[in-house]
Amino acid sequence: RYKAAVLVGTALSNFDAQANVTGIDNFAENKRFTREWDTLDKTIKVKEEGDALFRDAYYDRAVRLYGECLALDGDDDGSSGSILRQASNWPVASTKANDAGGKLHAVLHSNRAACFSSMGRYDDAIKESSHAIEIHSMYTKAIIRRARCYAKNGQNERARADFNRYLILVEGAREYPYPPPNQGSSCNFDMPSDVSDRQLGVVKSEMNELGIQPIETREKQSKMRNAIARRGRSNNWLEKFCCKKSV
């Protein structure tokens, strides 16, 4: 929430200026505040530059800048807390998730996944999507991107799992909206309830093209098989009745 952070930073800056006028000595806090303010300012600028490069399809350059944003947050003593290689100069997938910034870092990992996916580097895209999901377990954009990357990689079982995870979350949110008003985790963005009917329809079409059946459909077919078996009917009739077999 950049705007909120800027407002708070401005208020603190004004308070700090007033404290200096009144002679209040708060050197340690002033130093910490200055460092946080500089980090915020740089993060905003670097992310916006990365977004502009991504829109212009300079994915290799955008992924570096998103990585730099992830590397910006350090320890309280100012030492580097980077999860990337030095200065994020290596456009490789992060080794672990950086959840220090909550939503910001989930988005940065997801953006890096989008860059890698656009470059055809699906293994790296899967890793970055996984980091985003580790921070925000219901991050639908990251879940469906990882599903598509698994499919591109020929990892069909994992693709099926993620497609169905997405489907269960989104359809479940239609019946049981989450989070309740003013409740839930701090990562209330790109939630299952935010997915439109059109987006859900696109995903279902993808699943159909890939031969991936929704779990509910497969369960219904299993129940039908059992019912038909009890009645002594042949499975050949069932195959004609049901849609094509799951992969």
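Residues numbered from 1 in each chain as written. Predicted model: local features only at pLDDT ≥ 70, side-chain atom pairs only at ≥ 80, totals over all residues. Heavy atoms only, no water.

(A) Just the overall build of the protein, in detail. A tally of regular secondary structure across the protein gives 10 helices and 0 strands. Mapped in sequence order, the helices and strands of the protein form the string α-α-α-α-α-α-α-α-α-α. A separation of at least 24 residues holds for 61% of the contacts in the protein among residues at least 6 apart in sequence. Looking at the protein as shown, the accessible area adds up to about 15000 Å², and 49% of this sits on carbon and sulfur atoms. (Helix = DSSP H or I, 4+ residues; strand = E, 2+ residues; numbered from the N terminus. Contact = heavy atoms within 4.5 Å. Areas by Shrake-Rupley, 256 points an atom, 1.4 Å probe, with all protein chains shown as cover.)

(B) Local environment of the confidence of the model for the protein. Overall, the predicted model of the protein reaches an average pLDDT of 76, with 58% of residues at or above 70. Across the protein, the element-wise mean pLDDT spans from 41 in helix α10 (residues 235-241) up to 97 in helix α6 (residues 140-152). Scored below 50 in pLDDT, residues 74-90 makes 26 contacts in the model with residues more than four places away or belonging to other chains. (pLDDT = per-residue confidence, 0-100.)

(C) Molecular detail of the pattern of salt bridges. If you walk through the whole model with that rule in mind, you get 11 salt bridges. For Glu 68, the salt bridge goes to Lys 42, with nearest N and O atoms at 3.7 Å. Here the residue Glu 68 occupies a position in helix α3 (residues 59-72), and Lys 42 occupies one in helix α2 (residues 27-55), the gap between them amounting to 26 residues. What makes Glu 68 partly exposed here is its relative accessible area of 24%. Taking relative accessible area as the criterion, Lys 42 reaches 39% and is therefore assigned partly exposed. A salt bridge links Arg 146 to Asp 162, with the nearest nitrogen and oxygen atoms 2.6 Å apart. Residue Arg 146 is located in helix α6, and its partner Asp 162 is located in helix α7 (residues 156-175); the two are separated by 16 residues in the primary sequence. Taken as a pair, Arg 146 and Asp 162 share a single burial class, namely buried. (Salt bridge = Lys/Arg side-chain N within 4 Å of Asp/Glu carboxyl O. Buried < 20%, exposed > 50% of the residue type's maximum accessible area, 1.4 Å probe, protein only.)

(D) Region of interest: the environment of Val 46. Summarising the element assignment, Val 46 is placed in helix α2. The class for Val 46 is buried, based on a relative accessible area of 8%. For the pair Val 46 and Leu 65, spaced 19 residues apart in sequence, the C-alpha separation works out to 6.2 Å. In contact with Val 46, not counting residues within four places along its chain, are Leu 65, Glu 68 and Cys 69.

(E) Quick look at unusual backbone geometry. Of note, Ala 57 is a non-glycine position whose phi angle comes to about 70°, a positive value. Considering the arrangement of structural elements, one finds Ala 57 in the loop between α2 and α3. Taking the relative accessible area as the measure of exposure, Ala 57 reaches 42% and is therefore partly exposed. The backbone of Asp 190 sits at a positive phi, close to 45°, despite the residue not being glycine.

(F) Representation of the packing of α7 against helix α8 (residues 197-210). For the pair α7 and α8, the least separation of the axes is 11 Å and the interaxial angle reads 150°. By the angle between their directions, the pair α7 and α8 is classed as roughly antiparallel. Classified by chirality, the crossing of α8 by α7 is left-handed. On α8, the residues that touch Phe 163, Asn 164, Tyr 166, Leu 167, Val 170, Glu 171 and Arg 174 of α7 are Asp 197, Gln 199, Leu 200, Val 203, Lys 204, Glu 206, Met 207 and Leu 210. Looking at the contact of α7 with α8 residue by residue, the class counts come to 8 nonpolar, 2 polar and 5 charged. (Axes fitted to C-alpha atoms, helices over the stretch in contact; angles between N-to-C directions. Parallel < 35°, antiparallel > 145°, perpendicular 65-115°, else oblique. Left-handed = near helix turned anticlockwise from the far one by under 90°. Nonpolar A, V, L, I, M, F, W, Y, C, P; charged D, E, K, R; others polar.)

(G) Structural detail: the packing of aromatic side chains. One pass over the full model with this rule turns up 2 aromatic pairs. Ring geometry for Phe 54 against Tyr 59: centres 5.2 Å apart, planes inclined by 65°, an arrangement best described as edge-to-face. For Tyr 59, a relative accessible area of 22% corresponds to the partly exposed category. Note on Tyr 139 and Phe 189: the rings are 5.0 Å apart at their centroids and 70° apart in plane angle, and the pair reads as edge-to-face. Of the two residues, Tyr 139 sits in the loop between α5 (122-135) and α6 while Phe 189 sits in the loop between α7 and α8, which places them 50 residues apart along the sequence. Residue classification places Phe 189 among the buried positions, given a relative accessible area of 8%. Directly above the ring of Tyr 58 sits Arg 61, whose terminal nitrogen or CZ lies 5.0 Å from the centroid. (Phe/Tyr/Trp six-rings, centres within 6.5 Å; stacked < 30°, edge-to-face > 60°. Lys NZ or Arg CZ within 6 Å of the ring centre and 35° of its normal.)

(H) Seen up close, the nonpolar core. Tyr 139, Ile 144, Phe 163, Tyr 166, Leu 200, Val 203 and Met 207 are the most contacted members of the largest nonpolar core, which has 36 residues in total. Where this core is concerned, the elements lending two or more residues are α2, α3, α4 (103-118), α5, α6, α7 and α8. Excluding residues within four positions of it along the chain, Met 207 makes contact with Phe 163, Asn 164, Leu 167, Ile 212, Gln 213 and Pro 214. (Core = buried A, V, L, I, M, F, W, Y, C linked by side-chain atoms within 4.5 Å.)

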